[in-house]
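A closer look at the structure
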Amino acid sequence: MGKKQQTGKGGATNRQNVLAAKNEISVADTLRKGRHECLCQARRHKLVLNCLGCGRIVCEQEGSGPCFTCGTLVCTREEREILNRGTNKSRELMAELTGGAKAGSLQQIICRLQECHRV
């Protein structure tokens, strides 16, 4: 005769909670400081966005910045909204995301972002 599965303390529900907690801890432990190329395709880390140049799936480990494959700027929706404003804060954010590299004028990048997101 098989054992009756418990749903109370120590049963299936408790095992699921323990597994979920372990999964959250292991994901947090896998993030390294800085931008590093990652091949998880947002299965281990949170999604930032897909690259609009090549379609690469960018996770939070890779972070916002130039795509590791094609160099197109990849950023979150919130960062894109800031960049579209054209303020001093947007220039600072652009410098931070691109590492200070001159990838083109801010206006050119904003135009490219707006063209790509017209739906």
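So, a few notes on the structure that sits alongside this text. Within every chain, residues take consecutive numbers counted from 1 along the sequence as written. Per-residue local features of the predicted model are confined to residues with pLDDT of at least 70, and side-chain atom pairs are confined, for both listing and counting, to 80 or more; whole-chain, interface and lining totals are unaffected and use all residues. Values shown for side chains rest on all heavy atoms present in the structure; no hydrogens or waters enter the calculation.

What follows deals with the overall build of the protein. What counts as a helix is a DSSP run of H or I of at least four residues, what counts as a strand is a run of E of at least two, and both are numbered from the N terminus. Each helix and strand counted, the protein has 4 helices and 4 strands in total. Listed N to C, the secondary structure of the protein is α-β-β-β-β-α-α-α in terms of helices and strands. Partly exposed residues are those whose accessible area sits between 20% and 50% of the maximum for their type, while under 20% is buried and over 50% is exposed, using a 1.4 Å probe and protein chains only. Within the protein, the proportion of its 119 residues that are buried is 28%. Working rule for contacts: check all heavy atoms of both residues, and any pair within 4.5 Å makes them a contact. For the protein, the proportion of contacts with a sequence separation of at least 24, taken over those separated by at least 6, is 34%. Element-wise, carbon and sulfur atoms account for 51% of the exposed surface of the protein, whose accessible area totals about 8,800 Å². Residue-level accessible areas treat just the shown protein chains as cover; the underlying method is Shrake-Rupley with a 1.4 Å probe.

Below, the discussion takes up the side chain of Glu62. Mapped onto the secondary structure, Glu62 falls in the loop between strand E2 (57-59) and strand E3 (65-66). For Glu62, a relative accessible area of 1% puts it in the buried group. Here Cys38 takes part through its backbone nitrogen, which lies 2.9 Å from a polar atom of the side chain of Glu62. In this structure, Glu62 is in contact with Arg35, His36, Glu37, Cys38, Arg56, Ile57 and Phe68, ignoring residues within four places of it in sequence. Distance and chemistry together define a polar contact, namely a pair of N or O atoms within 3.5 Å, with one atom able to donate a hydrogen and the other to accept it when in protein, and with adjacent residues in sequence counting only for side-chain atoms on both sides.

Attention now moves to the environment of Leu93. Considering the arrangement of structural elements, one finds Leu93 in helix H3 (residues 88-98). A relative accessible area of 12% places Leu93 in the buried class. Here the alpha-carbon distance between Leu93 and Arg80, two residues 13 residues apart in the chain, equals 9.7 Å.

In this section: H3. Every buried residue of H3 is listed here: Ser90, Leu93, Met94, Leu97 and Thr98. Burial along H3 is one-sided: seen end-on, the buried residues are contained in an arc of 120°. Set apart from the buried face of H3 by more than 90 degrees, the exposed residues are Asn88, Lys89, Glu92 and Glu96. Just past H3, the residue Gly99 takes up positive phi, approximately 70°. Arc definition: directions from the helix axis to the C-beta atoms.

Ranked by size, the top nonpolar core spans 7 residues in total: Leu73, Cys75, Ile82, Leu83, Leu93, Met94 and Leu97. Of all elements in the fold, only helix H2 (77-85) and H3 reach the threshold of two or more residues within this core. At 3 residues, H3 tops the list of elements feeding residues into this core. In this structure, Leu49, Cys51, Val58 and Cys67 belong to the second largest nonpolar core, which totals 6 residues. The criterion is simple. A nonpolar core is a set of buried Ala, Val, Leu, Ile, Met, Phe, Trp, Tyr and Cys residues joined through side-chain atoms within 4.5 Å.

With that out of the way, let us pick up the pattern of salt bridges. Side-chain pairs of opposite charge can arise whenever the charged atoms involved come near each other. Any carboxyl oxygen of Asp or Glu that lies within 4 Å of a side-chain nitrogen of Lys or Arg is treated as forming a salt bridge with it. For the structure shown, the criterion picks out 2 salt bridges. The partner of Glu62 in a salt bridge is Arg56, and the shortest N-O contact between them spans 2.4 Å. Exposure class is identical for Glu62 and Arg56. Each is buried. One network of salt bridges, in which partners are shared, links Glu37, Arg56 and Glu62.

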